[in-house]
Each structure stands twice: as C-alpha cells, then as structure tokens.
Amino acid sequence: MSMTGAAYQKCINPDCGAEFDCGQAMFKCPQCGELLDIRYNWDKIEVPGKLSDFAKRWANKDRPLDFSGVWRFRELLSFCEDKYKVTIGEGQTILQQNDAVAEYAEVNPGRLYLQYEGLNPSGSFKDNGMAAAFSHAKMVGAASSACASTGNTSASVALYAHSCGVKCTVFIGSGRIAFGKLSQSMDYGAQTIQILGDFDDCMRQVQDVCTKLGLYLLNSLNPFRLEGQKAIMYRIIEGLGWTTPDWIVVPGGNLGNSSAFGKAFYELKQLGLIERIPRMAIINATGADTLTDLVNNKKLTWNDGKVDQTIIDEYYADLTARNFSPHTCASAIEISRPVNLKKCLRSIEICDGVVRAVTDEEIVDAKAIIGKYGLGCEPASAVTIAGLKHLRAENIIGGDERIACVLTGHPLKDPNVTVNYHKEKQGQFNNPPIEAPNDLDAIIKLIKN
Ligand code: F0G
C-alpha cells in the first residue's frame, strides 16, 4: 500500500466534484475554479483506535516527526510519504487555562483556555500549515514558491523555504505589515515584493504570478496547508485530556483556520474519535467584516455546497464600486475578500458556528488583558477574547461552557500597536512608562510598591 494512494484532492463544488491525485499542485479546481479539499480513503490508513493513542509518540520525541506538533498526528493528514515530510519543530504550543482573562470575558473560573500559537518557530500558527504545505511542495518537486501575506504567512514561508531548500518570493501590501513580521521575511532571506495595494490586491497578483511562472503557492488556497492547521485542534483536544471543548473561538481573516478546524472535527467525528463536535465562533474586525456581513446580514450559507454565488458577486462588486479597502489595527486580518469563504461556510454548518465583528478599541483592550494576565498576543489574536465577551453578553456562549480561544500570533509581531496603546493611553488598561528625572530620591518617590 502506498501512503499517497490513501489521499486525493476533490473539488468542493458538488456540481463538479472532480478528483485528482496528490501528486499535482493546482490550488483551484482546473475544471470549475472552486476550492479543493484533501480527502482520505480511511480504510487504507492505520488510524489509531482512540485519540489518546497519539500520546505514545511523546516517548520518541528525539525523532523529528514524532516531536512535531503536526506530524505526530500524521495518520490524520496522511497525504505524503515520510521521506518528503518537512518539520522544524512546529506545534510545541501551550493550552493555558486562564481565570483572569475568563473574568474579563465573564466566563466562570476554570472554563477558559487560551491556545497559544505564538510559540511556533516563526511566532504564529502558520507554521502548522507550512510544515504540511512544504512537505507537499517537496513531494511534487517544487523548486520555487510564493505567497501573498499580511505578514505572518510571509514570515513562516520564508523560514520553511530556507529550511528545506525551496526558493521563495513573498508579496505584501505597502505600509500594511507589522514590523516584526516584515523583519522576519527579510532576515530569513525571502525575496520580498511590496505591492502598491492591500492584501486582497497581493492575493490576486500572486495567483497569476504562480500560474505564469509555475511557482508553488503557499496561501491557504493550498489545501495541503489547511491539513497541517487541523493539528491545532488535535493539540487543544490533547491539552484537555483528549476531550473536546464546548466552543472554539478563532479570528477570521482569510478563513483558513476556521475552514481547517471544521474539517478536522468533521473527520474526527466520522472516524468515531470524538463524540461531539464543538461549536465555533469566528471573529472579524469591524473594519474587515465581509464574513460577518455575508453570514449575519445577507444570510449566506453553505447550503450543501450550493452557495449562492450571486450574493458574493454582488457584495464584491459593491466593494469595488466603493473603492473599499479594509482597515483595522489587527493588520493580520485586514482582508475583505477571504479566499476560503466557502470552506468557512461549510465549517459554520459543521460546527453550528456563529460570526461576530469587534471594534479596534475592543481589540486593543482585550489584547492588553491577554498581555497582563496571559502570554500576550498580537492584535488579530485578541479578537477572540473581544468576541467572546460579546457572545457572553448575548448569552450565546454560556458562562460555564468550556471554551478554547486560539491566540494565533506572538505579541512581538506588532510592537507598534502595543506601545501606542500604552504610551498614548488609548484604552482602559494602559500601562505607560513613567518619566523620571535622573535622581535617586525622585525615582524612589515614583515607585509604588
Ligand atoms: N491571526 C493571525 C495572527 C494571522 O496572521 C492571520 C492571518 C489570522 C489570524 C487569520 O487567519 O486567514 O486563517 O482566517 N494571516 C494571513 C497572513 C492572512 O498573510 O499572514 P485566517
């Protein structure tokens, strides 16, 4: 039995449903242009009988594939042989129970968990996806790769590309990227192209560039990347003693995570490895709230895969007519045409999901709380706690439910937002530096202890 034979690619459009083997890199269905999924013939894969069996891999953590927080779950993303697998130690993350942050969101003690993805090698959750996508890139013999990015994808691509000897070019919008992230792509040696435009412009350009130059695309259109991101959910389950939470709360940008998480739970249920699928809350910033508008106001749904394309087309036509460009301090999710929209709608269906948008003021306050009482995070990650606060106020999430919020990126990714918040006393939780004369008595007077 060949490992590759167990997996195939399938178009998500039920009217098309075209299937392809995994030896090709396409990123959109060549027949109808829709997104592709990775599907598995589970009977060809030796999936452990229960999730806790994966814990045995910890005994072999001197082996890179058993150490990886993605590949130690490899039977659940079995699309390539071990010899192609790429890892640099991603997924050593922490699921932190946090009562102080819970109190802020009006959740009962002991019920809120923060899945901190900032510990990944490049400082964000993207590394989960890149371990999988670069493995596929090696499997198909790709020599050169590209991505569009609001900053974290480019940092992660740059790091993984040089680690496995693939060239990379990253496209970023001008003036739209946090400094920590920009510094990473330059330092890790990526060819960085700054386009006069926003992320959505970069996303459109990179697809054409990849087609014309035959580059391997690493955005979340790439279905192999999303397979790696499923591991974030496996680790949350692991952190909860191999049980599922009641809710997952995740930021919504290009909607890769929400798409991957729903798929992860669907498969685990199908395999009989979990009993119940958690509910999911996807949180936008109000300045980039396409998903919220389409789902809550325009009533767009998955509808068994027959998504009403005219609603989307009209929505995007209106954005274009208004020359709309999204704006939020959470630059990572400053996206108005999310490429995984349809897969995300499917996840909303699978997970009985809800969608909300939170303001920049709410984001920076929530971020300050996560910094003060937790491990810190970048602005886009803090939408989870701001969104949770909304959903608690509406009583959609109960105070005694067990909730896991995904903190997607490290606090040092975007120091400017943090420094401005505190120095300019932007919100309720500011903690600015106190200016002191260079004089011992005066300094001592200023110290409160
Ligand atoms: N949080 C962070 C820190 C991100 O960098 C991103 C996306 C998201 C959340 C949104 O995740 O796209 O799966 O809904 N960043 C991409 C990038 C767009 O280019 O780095 P999503």
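Treat the numbers as computed from the prediction; the structure is a model and nothing was measured. (Residues numbered from 1 in each chain as written. Predicted model: local features only at pLDDT ≥ 70, side-chain atom pairs only at ≥ 80, totals over all residues. Heavy atoms only, no water.)

Hey, could you go over the overall build of the protein for me, with residue numbers and the actual values?
Each helix and strand in the protein was counted, giving 15 helices and 13 strands. A compact globule built from 449 residues should have a C-alpha radius of gyration of about 22 Å, and the protein, at 21 Å, falls within 12% of that. Out of the 449 residues in the protein, the part that is buried amounts to 59%. When contacts within the protein are restricted to residue pairs at least 6 apart in sequence, long-range pairs at least 24 apart make up 71% of them. On the protein, roughly 18,100 Å² of surface is accessible, and the fraction owed to carbon and sulfur atoms is 49%. The average position of the 47 basic charges and that of the 52 acidic charges among the side chains of the protein differ by 3 Å. (Helix = DSSP H or I, 4+ residues; strand = E, 2+ residues; numbered from the N terminus. Rg over C-alpha atoms; globule rule 2.2 N^0.38 Å. Buried < 20%, exposed > 50% of the residue type's maximum accessible area, 1.4 Å probe, protein only. Contact = heavy atoms within 4.5 Å. Areas by Shrake-Rupley, 256 points an atom, 1.4 Å probe, with all protein chains shown as cover. Lys, Arg positive; Asp, Glu negative; His and termini not counted. Charge placed at Lys NZ, Arg CZ, Asp CG, Glu CD.)

Describe the sheet that holds strand β3 (residues 36–40), and please don't skip the residues or the numbers.
Spatial strand order, β2-β1-β3: three strands in an open sheet with antiparallel pairing. Two strands lie at the open edges of the sheet, namely β2 (19–21) and β3, each paired on one side alone. Sheet twist, expressed as the average angle between the axes of neighbouring strands with direction ignored, equals 35°. Note that strand β1 (residues 7–11) and β3 share five bridges and pair antiparallel. Counterpart to C11 in the pairing with β3 is L36. (Pairing = 2+ DSSP bridges. Axes fitted to C-alpha atoms, helices over the stretch in contact; angles between N-to-C directions.)

Explain the packing of helix α9 (residues 290–297) against helix α11 (residues 341–350) to me, using residue names and the numbers behind them.
At their nearest, the axes of α9 and α11 sit 12 Å apart, and the two run at 50° to each other. Between α9 and α11, the crossing angle belongs to the class labelled oblique. For α9 against α11, the interelement crossing comes out right-handed. Together, L291, L294 and V295 of α9 and L341, C344, L345 and I348 of α11 make up the contact between the two elements. Its residues placed into classes, the contact of α9 with α11 shows seven nonpolar, no polar and no charged. (Parallel < 35°, antiparallel > 145°, perpendicular 65-115°, else oblique. Left-handed = near helix turned anticlockwise from the far one by under 90°. Nonpolar A, V, L, I, M, F, W, Y, C, P; charged D, E, K, R; others polar.)

Please give an account of the pairing of strand β11 (residues 279–285) that cites residues and values.
Here is the key point about a regular strand: its side chains alternate between the two faces of the sheet. Of all seven residues in β11, six are buried, a share of seventy percent or more. Both strand β10 (residues 247–251) and β11 contribute to a ladder of five bridges, which runs parallel. When the bridges of β11 are listed, V250 appears paired with I282. Note that the unit made of β10, helix α8 (residues 256–270) and β11 has a crossover that is right-handed. Bridging between β11 and strand β12 (residues 354–358) involves five bridges; their strand directions are parallel. Within β12, the position partnered with A285 by the bridge is V358. (Right-handed = clockwise from strand over helix to strand, strands pointing away.)

Which residues make up helix α4 (residues 152–164), and what values go with them?
Spanning 13 residues, α4 covers 19 Å between terminal C-alpha atoms, matching the ideal 18 Å at 1.5 Å per step. For α4, the tally of buried residues reaches eleven of 13 residues, placing the bulk of the element in the interior. Looking only at α4, the buried set comprises N152, T153, S154, A155, S156, V157, A158, L159, Y160, A161 and C164. Elements that come into contact with the buried residues of α4 comprise α3 (126–139), β6 (144–149), β7 (167–173), α5 (179–187) and α7 (223–239). (Expected span 1.5 Å × (residues − 1).)

Before we move on, can you summarise the site of the ligand with the specific residues and values?
As a structural note, the neighbourhood of the ligand is formed by 20 residues, with T150, N152, G253, N254 and T408 the closest of them. Here an oxygen atom of the ligand sits 2.8 Å away from a polar atom, N or O, in the main chain of L255. Within the side chain of T408, one N or O atom sits 2.7 Å away from a nitrogen atom of the ligand. Elements supplying a minimum of two residues to the shell around the ligand: α4 and α8. (Near = heavy atom within 4 Å. Polar contact = N/O pair within 3.5 Å; in protein donor to acceptor, adjacent residues only side chain to side chain.)

I'd like a rundown of the nonpolar core, residues and numbers included.
By size, the foremost hydrophobic cluster in this structure holds 98 residues, and its most contacted members are F79 and F134. Per-element accounting of this core gives the leading share, eight residues, to α7. Not counting the four nearest positions on each side in its chain, F134 is found in contact with V86, S145, V157, Y160, A161, C164, V166 and L218. (Core = buried A, V, L, I, M, F, W, Y, C linked by side-chain atoms within 4.5 Å.)

Give me the pattern of salt bridges: which residues, what numbers.
Tallied over the full model, the rule gives 26 salt bridges. A salt bridge links E75 to R57, with the nearest nitrogen and oxygen atoms 2.8 Å apart. Separated by 18 residues along the polypeptide, E75 in the loop between α1 (64–67) and β4 (94–97) and R57 in the loop between β3 and α1 bring together distant segments of the chain. Neither E75 nor R57 differs from the other in exposure class; each is buried. For E378, the salt bridge goes to K181, with nearest N and O atoms at 2.7 Å. Here E378, found in the loop between α12 (360–373) and α13 (379–393), pairs with K181, found in helix α5; they are 197 residues apart in sequence, far enough to count as distant. When sorted by exposure, E378 lands in the same class as K181, which is buried. (Salt bridge = Lys/Arg side-chain N within 4 Å of Asp/Glu carboxyl O.)

Tell me what's going on with the packing of aromatic side chains, and back it up with residues and numbers.
A full pass over the atoms with the stated rule returns nine aromatic pairs. Arranged with centres 4.9 Å apart and planes meeting at 40°, the rings of Y40 and W42 form a pair that is tilted. By the ring-pair criterion, three or more aromatic residues cluster together here, those being F54, F73 and Y234. One cation-aromatic arrangement involves R346 over W302; the distance from NZ or CZ to the ring centre is 5.7 Å. Between the NZ or CZ atom of K389 and the centre of the ring of Y104, over which it lies, the distance is 4.3 Å. (Phe/Tyr/Trp six-rings, centres within 6.5 Å; stacked < 30°, edge-to-face > 60°. Lys NZ or Arg CZ within 6 Å of the ring centre and 35° of its normal.)

Purely geometric numbers; function is a separate question.
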